Amino acid sequence: MKILVLCGDHWHPAHIAREGLGALAGTEFSFDWIEDVRDWSPEFMQTYSLVILTKSDNVSSTDQSGWMTDSVQRAFADYVRKGNGLLAIHSGTAGYAEKPVLRSLLGGVFVHHPEQCPVTMIPRAEHPLSAGISPFTLKDEHYFMALDDSQAGVFMITRSAHGEQPGAWRRMEGSGRVIVLTPGHNLEVWLNLSFQLLIRNSLHWCGGLLKTK
């Protein structure tokens, strides 16, 4: 499966996603990368059946201008509704609180986080996307989320000294599939074997390879 990855912003260097996803490259997945969204277009995105968004509302790591315009939001919504997949990881939920179309597509967005601290990721053992995956604790930004879609299927929670939050959920949008994974500020999280399996399962489901309700 060929996947387009949008990554890299002022707070989240692209090498984190590149190295984190690199462990999955060469298996059933291959990745193409866009770090500067001036290289992106709706037409180019349509050549892929699955997109990973791990980029906040910055044009690039050196240009903090916003890029998620109304027309870009509509392009993402149309893309998913036509039957494609979208996986948003960590910063792919950040800076979009006032972007109503994308916010609705994701089912919720980042609100704030405390200083980095130990965060325990607790997959729901009975859920098909996380069955058999062990909980793990690592230093991370504990993302506090506004989960707008009450029907979204939460399959992981995150817990720290600051409280408990939804850490992963999935939802349908038209004929397409969307998953949000909130951890991932640090490379150590991406490379954790449990998180790697969560990403892999999420890619399978978003790409239509994992047929679960």
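Just above sits the structure.
Residues numbered from 1 in each chain as written. Predicted model: local features only at pLDDT ≥ 70, side-chain atom pairs only at ≥ 80, totals over all residues. Heavy atoms only, no water.

Undergrad: What's the story with the packing of aromatic side chains in this structure? I'm lost.
TA: How two aromatic rings sit relative to each other is set out by the distance from centre to centre and by the angle between their planes. For the coordinates displayed, the defined rule picks out 8 aromatic pairs. A ring pair is formed by Trp67 and Phe76, whose centres lie 6.0 Å apart and whose planes are at 70°; its orientation type is edge-to-face. Under the relative-accessibility criterion, Phe76 is labelled buried at 0%. Ring centres of Phe110 and Tyr143 lie 4.2 Å apart, and the angle between their planes is 40°; on these two criteria the pair is classed as tilted. In this pair, Phe110 is assigned in strand S5 (residues 108-112) and Tyr143 in the loop between strand S7 (136-140) and strand S8 (144-147), connecting sequence segments 33 residues apart. Considered together, Phe110 and Tyr143 belong to a single accessibility category, that of buried residues. Connected via pairs of aromatic rings, a cluster forms that spans Phe29, Phe31 and Trp33. (Phe/Tyr/Trp six-rings, centres within 6.5 Å; stacked < 30°, edge-to-face > 60°. Buried < 20%, exposed > 50% of the residue type's maximum accessible area, 1.4 Å probe, protein only. Helix = DSSP H or I, 4+ residues; strand = E, 2+ residues; numbered from the N terminus.)

Undergrad: Looking at this structure, I do not really get unusual backbone geometry. What am I missing?
TA: Look at His90: it is not a glycine, yet its phi comes out positive at around 50°. In this fold, His90 is placed in the loop between strand S4 (85-89) and helix H4 (100-106). The class for His90 is buried, based on a relative accessible area of 1%.

Undergrad: I tried to follow the pattern of salt bridges on my own but got confused; where do I start?
TA: Close approach of charged atoms allows side chains of opposite charge to pair. Within this structure, the stated rule accounts for 11 salt bridges. Among the ionic pairs, Glu28 bridges to Arg200, the shortest N-O distance being 2.9 Å. With Glu28 in the loop between helix H1 (14-22) and strand S2 (30-34) and Arg200 in helix H6 (residues 193-206), this pair connects stretches of sequence that are 172 residues apart. On the basis of relative accessibility, which here comes to 27%, the residue Glu28 falls in the partly exposed class. (Salt bridge = Lys/Arg side-chain N within 4 Å of Asp/Glu carboxyl O.)

Undergrad: Mind showing me how you'd approach H6 here?
TA: With 14 residues, H6 extends 20 Å from end C-alpha to end C-alpha; this agrees with the ideal 20 Å at 1.5 Å per step. H6 sits mainly inside the fold: 11 of its 14 residues count as buried. For H6, every residue scored as buried is listed here: Ser194, Phe195, Gln196, Leu198, Ile199, Asn201, Ser202, Leu203, His204, Trp205 and Cys206. Taking the backbone nitrogen of Ser194 as reference, a side-chain oxygen 2.9 Å away marks Asn192 as the first, capping residue of H6. Immediately beyond the C-terminal end of H6, within one or two residues, lies Gly208, with a positive phi of roughly 80°. (Expected span 1.5 Å × (residues − 1). Polar contact = N/O pair within 3.5 Å; in protein donor to acceptor, adjacent residues only side chain to side chain.)

Undergrad: Help me understand empty space enclosed by the protein in this model?
TA: If you roll a probe as big as a water molecule over the atoms, it shows you where there is empty space left. Scanning the entire structure with this criterion turns up 2 cavities of 30 Å³ or more. Quantified by volume, the largest cavity comes out at close to 80 Å³. Around the largest cavity sit Cys7, Gly8, His12, Pro13, Ile16, Ala17, Thr54, His90, Ser91, Gly184, His185 and Trp190, which together line it. In terms of residue class, the lining of the largest cavity is built from 5 nonpolar, 7 polar and no charged. As a volume, the second largest cavity reaches approximately 30 Å³. Together, Val119, Met121, Asp140, Glu141, His142, Tyr143, Thr158, Thr182 and Pro183 line the second largest cavity. Looking at the lining of the second largest cavity residue by residue, the classes come out as 4 nonpolar, 3 polar and 2 charged. (1 Å grid on protein atoms, 1.4 Å probe; cavity = no way out; pocket = protein on both sides within 12 Å on 5 of 7 lines; lining within 4 Å. Points joined across faces, edges and corners; volume = space filled by probe spheres on them. Nonpolar A, V, L, I, M, F, W, Y, C, P; charged D, E, K, R; others polar.)

Undergrad: Just to check I follow, could you spell out the sheet that holds strand S9 (residues 153-160) for this structure?
TA: Where strands meet in a sheet, backbone hydrogen bonds hold them as pairs that are either parallel or antiparallel. Taking strand neighbours across the sheet as the criterion, the 9 strands line up as S2-S1-S3-S4-S11-S10-S9-S6-S7 in an open arrangement whose pairing is mixed. One side of each edge strand has no neighbouring strand; the edge strands of this open sheet are S2 and S7. Shown here is a sheet whose adjacent strand axes are inclined to one another by a mean of 20°, direction ignored. Sitting on the sheet, H1 touches strand S1 (2-7), S2 and strand S3 (50-54), and the angle it makes with S2 is about 175°. Across the sheet, H6 touches S1, S2, S3, S4, S7, S9, strand S10 (163-173) and strand S11 (176-181), and the angle it forms with S11 is around 165°. (Pairing = 2+ DSSP bridges. Axes fitted to C-alpha atoms, helices over the stretch in contact; angles between N-to-C directions. Contact = heavy atoms within 4.5 Å.)

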